[in-house]
Amino acid sequence: MSLEMLEQLEAKVQMAVDTISLLQMEVEELKEKNDNLVNLAQELRADRESLVQDNEKLRNDHQAWQERVRMLLGKMETVE
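For the protein chain, an unreviewed UniProt entry supplies the name Cell division protein ZapB and the organism Photobacterium arenosum. UniProt, in the comment section headed Subcellular location (unreviewed entry), describes the protein chain in these words: "Cytoplasm". Turning to the protein chain, the UniProt record has this under Sequence similarities (unreviewed entry): "Belongs to the ZapB family."

Chemist: Hey, could you go over the overall build of the protein chain for me, with residue numbers and the actual values?
Modeler: The helix and strand tally for the protein chain stands at 1 helix and 0 strands. For the protein chain, whose C-alpha radius of gyration is 34 Å, the value lies well above the compact-globule estimate of 12 Å for 80 residues. Oriented by its inertia axes, the alpha-carbon framework of the protein chain measures out at about 115 × 10 × 10 Å. Every one of the 80 residues in the protein chain was classed for burial, and the buried ones make up 0%. In the form shown here, the protein chain has an accessible surface area of approximately 7900 Å², with 59% of it arising from carbon and sulfur atoms.

Chemist: Go over the environment of L9, please, and point to the residues and values.
Modeler: As for its placement among the helices and strands, L9 is situated in helix α1 (residues 3-79). Exposure remark for L9: the relative accessible area of 42% places this residue in the partly exposed category. Each C-alpha atom, one on L9 and one on M25, is 24 Å from the other, the two residues being 16 residues apart in sequence.

Chemist: With reference to specific residues and values, describe the pattern of salt bridges.
Modeler: In the structure shown here, the tally under the stated rule is 2 salt bridges. One salt bridge connects E28 with K31, and the closest N-O pair in it is separated by 3.9 Å. Of this pair, E28 and K31 are both found in helix α1, 3 residues apart, which corresponds to roughly one turn of the helix. What makes E28 partly exposed here is its relative accessible area of 48%. A salt bridge links D61 to K57, with the nearest nitrogen and oxygen atoms 2.9 Å apart. A residue pair is termed a helical-turn pair when its members lie 3 or 4 positions apart in one helix, as D61 and K57 do in helix α1 at 4 residues.

Chemist: I'd love a proper account of the UniProt feature "coiled-coil region" (unreviewed entry) in the protein chain, names of residues and values included.
Modeler: Per the UniProt entry, the sites bearing "coiled-coil region" (unreviewed entry) are residues 6-75 in this numbering. Taken as a whole, residues 6-75 contains 100% helix and 0% strand, while its terminal C-alpha atoms sit 102 Å from one another.

Chemist: Describe a negative patch on the surface, listing the residues and the values that go with them.
Modeler: A cluster of acidic side chains, namely E26, E29, E32 and D35, defines a negative patch on the protein surface. By the element assignment, E26 lies in helix α1. Residue classification places E26 among the partly exposed residues on the basis of a relative accessible area of 43%.

Definitions and limits used
- The residue numbers shown here count from 1 along each chain, following its written sequence.
- Totals for whole chains, interfaces and linings use every residue, but because this is a predicted model, local features are given only for residues with pLDDT of at least 70 and side-chain atom pairs only at 80 or more, for both listing and counting.
- To obtain the side-chain values, all non-hydrogen atoms of the structure were included, while hydrogens and water were left out.
- UniProt positions are given in the numbering used here, feature names are shortened, and annotations may be inferred rather than shown by experiment.
- Strands here are runs of E lasting at least two residues and helices are runs of H or I lasting at least four, both read from the DSSP assignment and numbered beginning at the N terminus.
- With C-alpha atoms as the basis for the radius of gyration, the globule rule is written as 2.2 Å multiplied by the number of residues raised to the power 0.38.
- With a 1.4 Å probe rolled over the protein chains alone, any residue whose accessible area is under 20% of its type maximum counts as buried; one over 50% counts as exposed, and the rest are partly exposed.
- Using a 1.4 Å probe, the Shrake-Rupley method yields the accessible areas, and only the shown protein chains count as cover for residues.
- Salt bridge, as applied in this entry: a Lys or Arg side-chain nitrogen positioned within 4 Å of an Asp or Glu carboxyl oxygen.
- Each patch is built from residues that are more than 30% exposed by relative accessible area and take part in no salt bridge. Like charges join if they lie within 9 Å; nonpolar side chains (Val, Leu, Ile, Met, Phe, Trp, Tyr) join within 5 Å.
- We count Lys and Arg on the positive side and Asp and Glu on the negative side, and we leave His and both chain ends out.
- Each charge is placed at NZ for Lys, CZ for Arg, CG for Asp and CD for Glu.

So this is what it looks like as structure tokens:
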């Protein structure tokens with residue numbers, strides 16, 4: 001092999017090493033972003049569950065109040 005060929009090979013190897021390093025850094029960044037998104041998704045699921053429970057409680061409270069109002073109206077009608 002000539003010196004020129006060895007230099008070309010060395011340049012290609014160095015370029016491959018640099019590319020691999022950049023790709024590894026990109027993979028690490030993407031893993032970090034993915035972890036952040038997974039955490040955010042878990043938080044959103046928990047928030048959604050809490051809102052669903054709050055909504056159910058409010059619906060039940062609303063229904064209970066409607067029943068009380070109906071009872072009171074019924075009592076008022078019987079008094080008249």
